[in-house]
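Survey of secondary and tertiary structure
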Protein chains: 2
Amino acid sequence: MSNVKRVYTFGDKKAEGNTSMKNLLGGKGANLAEMNLIGVPVPPGFTITTDTCTEYNTLGKDQVVGLLKADVEAAVKYVEDIMGTKFGSNENPCLLSVRSGARVSMPGMMDTVLNLGMNDDAVEGLTKKTGNARFAWDSYRRFVQMFGGVVLGVEAKSKEDHDPFEEIIHKAKETKGVDLDTDLDVDDLKQMVKDFKAACKAQTGQEFPDDPWEQLWGGITAVFDSWMNPRAIYYRGMNQIPEEWGTAVNVQAMVYGNMGDNSGTGVAFTRDAATGENIFNGEYLINAQGEDVVAGVRTPQQITLEGSKRWAKLAEVSEEERKSNFPSLEELMPTVYQELDQTQKNLENHYKDMQDLEFTIQDGKLWLLQTRNGKRTAAAMVTIAMDLIREGMVDEKKAILMQEPAKLDELLHPVFDKEAIKSAKVLAKGLPASPGAAFGEVCFFADEATEKAAAGKQIILVRVETSPEDLAGMDAAKGILTARGGMTSHAAVVARGMGKCCVSGAGAIHIDYKTRIMTIDGVQYREGDLISLNGTTGEVYEGKIATIDPELSGDFGGIMKLADKYRKINVRTNAETERDCKVARDFGAEGIGLCRTEHMFFEGERLIRMREMILADDEAGRREALTKLLPIQRQDFKDVFKVMAGLPVTVRLLDPPLHEFVPHEEANQKEMADQMGVSVDVIKAKVEDLHEFNPMLGHRGCRLGNTYPEITEMQARAILEAALELKAEGVKTLPEIMIPLIGTVKEFKMQEEIVRDIAEKVFAEKGDKLDYLVGTMIEIPRAALTADKISEVAEFFSFGTNDLTQMTFGYSRDDAGKFLPIYIQKGILKADPFQVLDQEGVGQLVEMGINKGRSKRPDLKVGICGEHGGEPSSVEFCVRAGMNYVSCSPFRVPIARLAAAQAALR
Amino acid sequence: MSNVKRVYTFGDKKAEGNTSMKNLLGGKGANLAEMNLIGVPVPPGFTITTDTCTEYNTLGKDQVVGLLKADVEAAVKYVEDIMGTKFGSNENPCLLSVRSGARVSMPGMMDTVLNLGMNDDAVEGLTKKTGNARFAWDSYRRFVQMFGGVVLGVEAKSKEDHDPFEEIIHKAKETKGVDLDTDLDVDDLKQMVKDFKAACKAQTGQEFPDDPWEQLWGGITAVFDSWMNPRAIYYRGMNQIPEEWGTAVNVQAMVYGNMGDNSGTGVAFTRDAATGENIFNGEYLINAQGEDVVAGVRTPQQITLEGSKRWAKLAEVSEEERKSNFPSLEELMPTVYQELDQTQKNLENHYKDMQDLEFTIQDGKLWLLQTRNGKRTAAAMVTIAMDLIREGMVDEKKAILMQEPAKLDELLHPVFDKEAIKSAKVLAKGLPASPGAAFGEVCFFADEATEKAAAGKQIILVRVETSPEDLAGMDAAKGILTARGGMTSHAAVVARGMGKCCVSGAGAIHIDYKTRIMTIDGVQYREGDLISLNGTTGEVYEGKIATIDPELSGDFGGIMKLADKYRKINVRTNAETERDCKVARDFGAEGIGLCRTEHMFFEGERLIRMREMILADDEAGRREALTKLLPIQRQDFKDVFKVMAGLPVTVRLLDPPLHEFVPHEEANQKEMADQMGVSVDVIKAKVEDLHEFNPMLGHRGCRLGNTYPEITEMQARAILEAALELKAEGVKTLPEIMIPLIGTVKEFKMQEEIVRDIAEKVFAEKGDKLDYLVGTMIEIPRAALTADKISEVAEFFSFGTNDLTQMTFGYSRDDAGKFLPIYIQKGILKADPFQVLDQEGVGQLVEMGINKGRSKRPDLKVGICGEHGGEPSSVEFCVRAGMNYVSCSPFRVPIARLAAAQAALR
């Protein structure tokens, strides 16, 4: 055992480990080693291996400390030598941090101790070095508190008791009559250190350890112990991390940027995170700690001279003033700057991506504290990727994999002006139902929204929920806000289709239609009041926040082209209007995966005919109304087929329950009665008759087609006649007729037979024929379970994962808002399953459906047309599951293209 | 090929085939042979093998007729010899029937021709033999029509045209100015035969074949052809019958009971079908056809002397009159009677069950036309089975397998008086939601039902649907009728629990609460009008129909005891009141599989406290109300545990959405407001807030417990405190705490942790502990899909197949009434999946759930608590799937016990 290497040192651009040793050194330890190897100046230190943690758990503390002793002492000596410091010195003390570091990051689950090595001598040394007694004593105070809590286990005696350290702080402030920690002076802090130590002794019965070595062993063993604390065990259980992996311990020299005017701290980006421009940039402060940069009390200075000049111009600061008060690091500390610049180049070259760095300059010496891939805007994301290709830094595949597909939304929709949003007040938060930003006047009724918009006003339509009757008003509004409904509610689905900003299910909003008042947290908002919506985050703001329209760069087109080169499945769209189809085709859609025919029935004459059919008492009456609907629907299909010439179009037959086509408000019922020439009571009776307790599980989908076959007949005829008429005009169509809500193969067969019969008739009448498919949506769990039966007759499957999710979870998408947010907050669900496909449960049914389906029909065409078809992780699942295509709303097509390419490359 | 035997003769107590040759001779052919072998006089004939059908389909008609010719001619000769008849004879014609007969019965799917051999000579012969020219000519007319349609394919020329034969009959009656076929005389029939033949010639261009041989070959090949008709193909597809099986053809001599006073016809039972008494009985008519017995124009006579005397006594007929006008067969034809009596004994001995016989006496010679296991009442079913054991005719296992478990309902509930029901008028038909019969006055409101019942009236509660608020009124009523809702609607479930008659979802009924009028088919029924309900059939009758109360015989007890001896799984009950628990225990329940705690909250103070909790704005308010509920619920559990002492009791935590506990009608909302001391607007706002679009998929089950953990805490405490208090009294309890509506294992874990924490607290407080289990319902598809994860923590599974069926099919049990009846009628579904478990779809999830569950916890206890737990075929599935128990409503416990025994024996 004793000739096993347990301690790996790093520092001064040398290291015993490297990045490939993650299993042994943990993720952090391996990276610290690697950074040294590529010449990055990181504070020196050493890593105790994960295997030692396992030894610790079997052999126990004493034995492992024995095994480590010589190596750790040598490693500390190594650190002291590099830093020129000495453990416990009253001149130049060596202070250390002790941190955990497992193979994979387990943020916050294990223990950390900072400023280790502090005692009455070291605090003197730190005071001398920094010239800042308060800082030194505050560090001492923090160290005793942290070490006392983490290593000595000092804590509140019972749930009812206070934490003893917080109690002491509280009393000290009370005695002095101040509110803030920062109001305490050096003497107060000195007293506090004493009191803390006394509190530790009171609970442990031992003196607080002043010996730095005793502190160090305490810190190391505390980190090992924390691998087995309940929090970490729970986290491992949640994330399938084996206990045997163990954690490494990283011990590293502390560095301070507030040791005088020769010290400082800053953050930097290797490229511009907003635009993607290849320019090194960042900010720093002299004689400061990292938190001072963040706090914004002092104005940070620019790192580069060029950046500093740009800043001065914008801030209207004269060159003279700039030079004297806000010089760049490049000017102030040219040597440090040169090293930093070289380091950033090294890092970008090494990580092959834009880096976000944190550094500290201690006594004129540069130390890198952290480097990571920098966060960036969508515009920067595509520009940086294309630049990196052009610079030969990454290949096309890597560039694609660097993208975050969901971010593309930012490029396709308006966003809030960054300055304007800073001072905005959030009123409520709902679901990010449809991305983009908008402001406008509150309006509660769809018809009024249409009028006001026509009169030139910007409108935000605010409803408890929307229904198909509100379609025109939704189209006229700039944004839509609902109090109820989830990610696949009517409002959400329609808004996404329109590419319009929508926040749904904002539960804090109470709407009183009668008084035309919306109340949020007791505050009333009336018609005409201005509000703003962020559909990308779900936030609702008070007042008007300016928006910026999207602009598509050449780099966006470049990335899309690359995505198409590498992806292996098709991307279609869910659309049914000529306009949406055109948008989708422009975004690269390769067909329609879901054309919801019912959306064609909600306006004008269509709606009247539809209602005539619903009111009819018998088949003859229904047929009469359907005959009038036929030419209208046929024209709709011609419009769609024309835009989609040469591409497949999947048309779903009538799906929603009929009650969606009848009005539920008295006034509208009267209007309908007049239109139909019947009494209001007849309408009311029909509406009552159509009422269902759980319409989502009711008389809809193929259940309509099987109880009223004449509806299917009319729709099949409209589709095939439209296709044949276009054929005569030389337009190629590929119609795919989709039967919705199939649960048993017989349901499908009955509908299929109707379609085939009609097709024969239409072909005979027109004296011409064409190829078409008849397939089904798999959206009922039973359809997935019996997919082998269904695929014997169905020519394609399209997974309707909205409904499939509803029924697999038993969650109504319109009602889940009552508990889903709580479920996500409590960690019961990792994500809203209506946004991100639940691969564990719903995904099982999808895979079962595909495998069973292809067991009988190996070349079965399979796609997805639920909202998940535009969500990156779900798209990846669809690719893995072997689908032929995904289909999503038009504005999500680019996201799906990119996600599909990534999936193909992974 | 030619030395293959294709024709098997039977007759005169000899036969070439036997019962083991079903594959070759078809079911019917093998049985006809077997009957001869056991000495039953059946009309002689022959069977052409099923293999010949297959030859027919490959070789074609001509070749197969060639292969058959010699054998068929010999076989006809054999028949003629036995019968002493001759094909086409004008003295004693041989007339034949030709029928299909596959391995399994395919009723009505293939063709039949009767009276084959009829022509102008034979009709003369038949007239002479029967002395009944009208009968002879009517037989001739029927033959031409049947042969013309079936063999010659004469039919209406188009959908718009009439059938040519019906057209001729219609015209004949019109010309003569009569309404009924029976008003036509011999001359009319003679003309009709001519016209029919002409019609055949007109369509086929050929003379109608008068040659008996030509007729016979036509009949035989028509039957072979009908194996491939679309109807038969469809039926085979539905029932998985392979095409290769083919059909046999059975040719048999026709016999007539109306050939004079030495002929007759009758039906008989080897035992009493009503009481089960072991006494031969039956009725006959001299010089009559089978249809005359059924028509009831003449009074049938009794077969046995004893029966005849019994009849005379009941009918108040003097012995003299009886002897002269209604003599028994035993007296009138002693030899024939002796043969019949011997035959019935042989048959019962052979089939080991009570037989229902049809016989004809032609010219003093007895012919058996049919024998089958006789239909019987539930009382007869158990008595016959126990008698057969006592007589040594069957063993216990056979006796159990002879039972129809579902029939036991008849023994447990009132039934209509048989005489009274005969003249009753059916008003409407709904679902047979809860068995039994009842009559009473129509009452539309639950509270009024309670009052009226208290005043001594018999009430039928009539509602559009029921809700928990109606509980007391339902209990007070004799029967419940609803216009909406399925087999698992609130009304149905509650009524079954109470053992009370209920018809649900009677869609023809329209109820206007305002005017207090129910309209059926345009007829109005008012409060106080009498109606009667049959909950076993779903029929609703006008007026009062007397009912007979059930009486349990010793034989019922005997069968139940046997069932318990052989069944291998336990039978529990779904119950939550002391009364229901007692009933269930009396019926043999071995524990409670589902105690629905919410049913405990719907009355009096409980409801007030529940509403207080719902109205509370925060956790503190909810806790306060729950504290008041605790002692009430604890007492409820004590009551249940006491009745179930020593048996396991599965308690389901709160399941329904909270809106079920608040009133939805204005008046009740006002009442609640007064009770709670708040304004009506507060109540309305809460009700509105609790509204859900699809409550079945909403905020219920463990979603309540996870958003309001304090509810779970209270319930767990009530259960465990109750159990410990009883333990102190020496009562043994086995509580099983069941978390409802689990979809993810984390949902379960959170609830389980709460229960375990509370348990530790309660045990500490009481200074005692006990064993208890924490498990879950598997009722969400996702739970079945991830059952391996869930069983790592859950100690038992109970399949909630009501909800599982809802979500697997996507059918709301409250709304499916709109399409389920049509689906069943169209053959899309074989049965209502809420009544009979869908083994193909839902069953897959159940099996998956069990297998996955036991993969992690091999001894996982598994049961079912959906309504299917009391349905025989579903119980059999549960046994096969390896469940430990089924649980059903108290009155279904005997059925489940019997079904479980049958499943164990199969």
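Scope of this entry: the structure provided in the associated data block.

Each value, and the rule that gives it
- Residues numbered from 1 in each chain as written.
- Chains lettered and ligands numbered in written order.
- Predicted model: local features only at pLDDT ≥ 70, side-chain atom pairs only at ≥ 80, totals over all residues.
- Heavy atoms only, no water.
- Least-squares fit on C-alpha atoms with pLDDT ≥ 70 in both.
- Contact = heavy atoms within 4.5 Å.
- Core = buried A, V, L, I, M, F, W, Y, C linked by side-chain atoms within 4.5 Å.
- Buried < 20%, exposed > 50% of the residue type's maximum accessible area, 1.4 Å probe, protein only.
- Pairing = 2+ DSSP bridges.
- Helix = DSSP H or I, 4+ residues; strand = E, 2+ residues; numbered from the N terminus.
- Right-handed = clockwise from strand over helix to strand, strands pointing away.
- Axes fitted to C-alpha atoms, helices over the stretch in contact; angles between N-to-C directions.
- Phe/Tyr/Trp six-rings, centres within 6.5 Å; stacked < 30°, edge-to-face > 60°.
- Salt bridge = Lys/Arg side-chain N within 4 Å of Asp/Glu carboxyl O.
- Buried area = accessible area lost by both parts, 1.4 Å probe.
- Polar contact = N/O pair within 3.5 Å; in protein donor to acceptor, adjacent residues only side chain to side chain.
- Parallel < 35°, antiparallel > 145°, perpendicular 65-115°, else oblique.
- Nonpolar A, V, L, I, M, F, W, Y, C, P; charged D, E, K, R; others polar.

**What about the relation of the copies chain A and chain B?**
In screw terms, the move from chain A to chain B is a rotation of 179° and a rise of 0.4 Å along the axis, fitting with an RMSD of 0.5 Å. Within this description, the copies of the chain are treated as partners about a two-fold rotation axis. For chain A, the residue whose C-alpha comes nearest the rotation axis is Asn694 of chain A, separated from it by 2.1 Å. Both copies present the same face, since 100% of the interface residues in chain A are matched by interface residues at the equivalent positions in chain B.

**A word on the nonpolar core**
Ranked by size, the top nonpolar core spans 314 residues in total, and within it Phe799 of chain A together with Phe799 of chain B carry the most contacts. Residues contacting Phe799 of chain A, with those up to four places away along its chain left out, are Ile778, Leu804, Leu845, Val846, Gly849, Ile850, Val862, Gly863, Ile864, Cys865, Gly866 and Met883 of chain A.

**Some thoughts on the pairing of strand β33 (residues 861–864) of chain B**
Residue and element names in this part refer to chain B. Direction of pairing for strand β32 (residues 796–799) relative to β33: parallel, over a ladder of four bridges. From the neighbouring strand, Phe796 faces β33, where its bridge partner is Lys861. Between β33 and its parallel partner strand β34 (residues 885–888), the chain crosses via helix α36 (residues 872–880), and the hand of that crossover is right-handed.

**Concerning the sheet that holds strand β19 (residues 479–482) of chain A**
Residue and element names in this part refer to chain A. One open sheet accounts for eight strands, arranged β15-β25-β24-β17-β18-β19-β20-β16; its pairing is mixed. Looking at the sheet topology across the chains shown, the edges are occupied by β15 (426–429) and β16 (431–434). On average, adjacent strands in this sheet sit at an angle of 30° to one another, irrespective of strand direction. Against the sheet, helix α19 (residues 446–454) contacts β17 (437–443) and β18 (459–463), and its axis sits at roughly 175° relative to β18. Of the strands in this sheet, β16, β19 and β20 (501–504) are in contact with helix α21 (residues 490–498), which crosses β16 at around 45°.

**Digging into the packing of aromatic side chains**
Applying the stated criterion to the full structure yields 40 aromatic pairs over all chains. For the pair Phe637 of chain A and Phe641 of chain A, a centre-to-centre distance of 6.1 Å together with 20° between the ring planes defines the contact as stacked. Placement of both Phe637 of chain A and Phe641 of chain A in helix α25 (residues 619–643) is noted, with a separation of four residues, approximately one turn of the helix. The same class applies to Phe637 of chain A and to Phe641 of chain A, which are both buried. Consider the rings of Phe143 of chain B and Phe147 of chain B, whose centres lie 5.5 Å apart with planes at 45°: the pair is tilted. Of this pair, Phe143 of chain B and Phe147 of chain B both sit in helix α5 (residues 133–150), four residues apart, roughly one helical turn.

**Considering the environment of Leu905 of chain B**
Residue and element names in this part refer to chain B. Take Leu905: it is sitting in helix α37 (residues 893–905). A relative accessible area of 23% places Leu905 in the partly exposed class. Non-local contacts of Leu905, meaning those with residues more than four positions away in its chain, are made with Lys397, Ile400, Leu401 and Tyr566.

**Details of the sheet that holds strand β12 (residues 355–362) of chain A**
Residue and element names in this part refer to chain A. Spatially, the five strands line up as an open sheet ordered β11-β10-β9-β12-β13, and their pairing is antiparallel. The open sheet is flanked by β11 (301–302) and β13 (365–373), the only strands paired with a single partner. Note: strand β10 (residues 281–286) against β11, two bridges, orientation antiparallel. In the sheet register, Tyr284 faces β11, and the bridge partner there is Gln301. Each of β12 and β13 is contacted by helix α14 (residues 334–351), which is oriented at about 25° to β13, the strand it contacts most.

**Let's talk about the pattern of salt bridges**
All names here are of chain A. Following the criterion strictly, the structure yields 152 salt bridges over all chains and no others. For Asp470, the salt bridge identified is with Arg463, shortest N-O distance 3.7 Å. Arg463 shares its class with Asp470; the two are buried. We note a salt bridge from Lys684 to Glu666, for which the minimum N-O separation is 3.2 Å. Of this pair, Lys684 sits in helix α27 (residues 680–690) while Glu666 sits in helix α26 (residues 666–676), placing them 18 residues apart in sequence. Of the residues examined, Lys684 reaches a relative accessible area of 33% and is grouped as partly exposed. Overall, the relative accessible area of 42% leaves Glu666 in the partly exposed class. Connected via shared salt-bridge partners are Arg634, Lys638, Lys642, Arg717, Glu721, Glu725, Glu729, Glu765 and Lys766.

**Here's the deal with the interface of chain A and chain B**
You'll often see interface size given as the accessible area lost when the parts meet. Taken together, the contact pairs 55 residues of chain A with 56 residues of chain B. Buried surface at the junction of chain A and chain B, both sides included, amounts to about 5,200 Å², of which 55% is carbon and sulfur. Of all residues in chain A, Phe693, Leu697 and Arg782 of chain A bury the most surface against chain B, accounting for 14% of the area lost on that side. One can count eight salt bridges joining chain A with chain B. One salt bridge in this structure joins Arg484 of chain A and Glu688 of chain B, with 3.8 Å as the shortest N-O distance. Inspection of the region where chain A meets chain B yields 39 residue pairs in polar contact (both at pLDDT 80 or more).

**Re the environment of Glu441 of chain B**
All names here are of chain B. One can find Glu441 in strand β17 (residues 437–443). The sequence separation of Glu441 and Cys581 amounts to 140 residues, and the corresponding C-alpha distance is 29 Å. When residues no more than four places from it in sequence are discounted, the contact partners of Glu441 are Lys457, Gln458, Ile459, Ile460, Gly528, Asp529 and Leu530.

**Observations concerning the packing of helix α5 (residues 133–150) of chain A against helix α6 (residues 164–176) of chain A**
All names here are of chain A. Axis separation between α5 and α6 bottoms out at 10 Å; the angle between their running directions is 150°. Accordingly, the angle class assigned to the pair α5 and α6 is roughly antiparallel. Of the residues in α6, those in contact with Arg141, Val144, Gln145, Gly148 and Gly149 of α5 are Phe165, Glu166 and Ile169. Split into classes, the residues belonging to the contact of α5 with α6 amount to three nonpolar, three polar and two charged.

**A word on helix α33 (residues 801–809) of chain A**
All names here are of chain A. Along α33, nine of the nine residues are buried, which leaves the element largely enclosed by surrounding structure. For α33, the complete set of buried residues consists of Thr801, Asn802, Asp803, Leu804, Thr805, Gln806, Met807, Thr808 and Phe809. Positive backbone phi, at 70°, marks Gly810, one or two positions downstream of α33.

Everything listed is a geometric property; what it means functionally is a separate question.
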